[in-house]
Protein chains: 2
Amino acid sequence: MPLPKSFTNLVSNLTILPGVGEKTAERYVYSLYEKEMDEIENLSQSLLDFKKNIRTCKNCGCLSDFDECEICTESGRDKSTICVVEDSKSVFFIEKTGKYRGYYHVLNGLISPIEGINPEDLNIEKLLKERINDDVKEIIIALNPSIEGEVTSMYLQKLLDKYDVKVSRLSYGIPMGSDIEYLDPIMISKALDDRKIIS
Amino acid sequence: MPLPKSFTNLVSNLTILPGVGEKTAERYVYSLYEKEMDEIENLSQSLLDFKKNIRTCKNCGCLSDFDECEICTESGRDKSTICVVEDSKSVFFIEKTGKYRGYYHVLNGLISPIEGINPEDLNIEKLLKERINDDVKEIIIALNPSIEGEVTSMYLQKLLDKYDVKVSRLSYGIPMGSDIEYLDPIMISKALDDRKIIS
């Protein structure tokens, strides 16, 4: 007997989610059957809204509903620091700590020769050519403490040597091998406090 | 800084999925950002299609896109047996084995006084009043071997005593591929009770 088409269709479409195989997708679908129509409609609509509206900020590269993100356009932020991060996840996470009031620059990746990601694939040129102006006194490199993060840090450090800015990185209060988004806010705040000048 | 609205909306709508909290939902959303528009549209549309089309078969209670499910309307099935199961999941699962060619009856739940589920909340009356006809020779009770499953089995068994049908249940036993020493004593004693003469 073929399963209901609307059922198998939804199962197969749900498997585009990361880590969701057929079994998990089926569990989701059985549970969605119990939901009210308006919950399903909201989910369905929010998927479309997200895909239609979300883009990267033309300035810092962070995910936003607008061409310029809400951090870049927020008044009263500290113009003297730019915090360089791997992705928008890191921005949202650091923002949650409430500790940092400067601007961000999102690389949208890390250098990884194994995965074929080279420096020119990252949002680096924009940082150097457009974002470092006379107001900027410090660049904080806040990348994951992984091999790729370290390599990218060193690469950026070298490039930034030519500019009249302090370059710092998050202190190793953060445990090696971890992922920034899974650390608790206090740890991140401490690491911001203890950041080290590296050049 | 508030996160992009389209982002937070989608995160909160995804948390209606079972076992999906904010962290997992965020992981899904970051991954959905990388997907093509048509993949998102397909997922969005299949959610609506599912909710609009899916219903329970008026005959057996199984999930279907039609008023009568594809098993109930399939010609050539064995009219002499009805397999009573807890939910549509069990139907789809038993169908995958290809072993059973009779009909099904879906209770859509199990008796559970703790959760306030009483016999009258289940799809039992229909089974007794409309589905047991002269063609039906055997009712196979295929419920989970849990407390609720056992209670429901016993309840059904009592009711079915009044009808001229054989009542059977799935055999209890040691699961294929298991190791006897790791099974619990109850399972072993059930397997001893249900032992089969082999010569």
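Residues numbered from 1 in each chain as written. Chains lettered and ligands numbered in written order. Predicted model: local features only at pLDDT ≥ 70, side-chain atom pairs only at ≥ 80, totals over all residues. Heavy atoms only, no water.

Asks: Explain the pattern of salt bridges to me, and be specific about the residues and the numbers.
Replies: Inspection of the entire model under this criterion finds 15 salt bridges over all chains. Two residues, glutamate 26 of chain A and lysine 96 of chain B, come together in a salt bridge whose shortest N-O distance is 3.7 Å. Separated into two different chains, glutamate 26 of chain A in helix H2 (residues 22-34) and lysine 96 of chain B in helix H4 (residues 88-97) make up a pair that spans both. Exposure remark for lysine 96 of chain B: the relative accessible area of 52% places this residue in the exposed category. Notably, a salt bridge pairs glutamate 74 of chain A with arginine 77 of chain A, separated by 2.9 Å at the nearest N-O pair. In this structure glutamate 74 of chain A comes out as partly exposed when scored by relative accessible area, which is 24%. Sharing partners across several salt bridges, the network here consists of Glu74, Arg77, Glu95 and Arg101 of chain A. (Salt bridge = Lys/Arg side-chain N within 4 Å of Asp/Glu carboxyl O. Helix = DSSP H or I, 4+ residues; strand = E, 2+ residues; numbered from the N terminus. Buried < 20%, exposed > 50% of the residue type's maximum accessible area, 1.4 Å probe, protein only.)

Asks: Which residues make up the interface of chain B and chain A, and what values do they have?
Replies: Contacts between the two partners involve 59 residues from chain B, matched on the other side by 60 residues from chain A. In total, chain B and chain A occlude about 5,600 Å² of area from one another, counting both sides; carbon and sulfur atoms represent 71% of this. Where chain B packs against chain A, one counts 2 salt bridges. Mapped onto the side of chain B that touches chain A, the elements with two or more residues apiece are helix H1 (5-14), helix H2 (22-33), helix H3 (37-53), strand E1 (55-56), strand E2 (63-64) and H4 of chain B. In terms of residue count, the dominant contributor to the side of chain B that touches chain A is H3 of chain B (15 residues). (Contact = heavy atoms within 4.5 Å. Buried area = accessible area lost by both parts, 1.4 Å probe.)

Asks: Describe the environment of lysine 79 of chain B, and please don't skip the residues or the numbers.
Replies: Residue and element names in this part refer to chain B. Within the secondary structure, lysine 79 sits in the loop between E2 and strand E3 (81-85). Its relative accessible area of 51% is what places lysine 79 among the exposed residues. Here the alpha-carbon distance between lysine 79 and valine 136, two residues 57 residues apart in the chain, equals 6.2 Å. Ignoring any residue separated from it by four or fewer positions in sequence, one finds lysine 79 in contact with Tyr103, Asp135 and Val136.

Asks: Tell me about the layout of surface pockets, and please be specific about residues and values.
Replies: Residue and element names in this part refer to chain B. Within this model, the largest pocket holds a volume of roughly 710 Å³. Along its surface, the largest pocket is lined by 25 residues, and Ala142, Leu143, Asn144, Pro145 and Leu170 are the ones closest to its centre. Among the elements of the structure, H4, helix H6 (147-160) and helix H7 (185-193) are those that each provide at least two residues to the lining of the largest pocket. Looking at the lining of the largest pocket element by element, the count peaks at 5 residues for H4. Tallied by class, the residues present in the lining of the largest pocket amount to 11 nonpolar, 6 polar and 8 charged. Looking at the second largest pocket, its volume works out to about 310 Å³. (1 Å grid on protein atoms, 1.4 Å probe; cavity = no way out; pocket = protein on both sides within 12 Å on 5 of 7 lines; lining within 4 Å. Points joined across faces, edges and corners; volume = space filled by probe spheres on them. Nonpolar A, V, L, I, M, F, W, Y, C, P; charged D, E, K, R; others polar.)

Asks: Before we move on, could you go through the sheet that holds strand E4 (residues 103-106) of chain B and cite the residues and values that matter?
Replies: All names here are of chain B. Here we have 4 strands laid out as an open sheet, ordered E4-E3-E5-E6, and parallel in their pairing. Of all the strands in the sheet, the pair left with one neighbour each is E4 and strand E6 (166-169). Adjacent strand axes in the sheet meet at a mean angle of 25° when their direction is disregarded. Of the pairings in the sheet, the one linking strand E5 (residues 138-141) to E6 comprises 4 bridges and is parallel in character. Paired with isoleucine 140 across the bridge in E6 is serine 168. Packed onto the sheet, H4 meets E3 and E4 and runs at close to 155° relative to E4. In the packing of H6 onto the sheet, the strands contacted are E3, E5 and E6, and the crossing angle to E5 comes to about 170°. (Pairing = 2+ DSSP bridges. Axes fitted to C-alpha atoms, helices over the stretch in contact; angles between N-to-C directions.)

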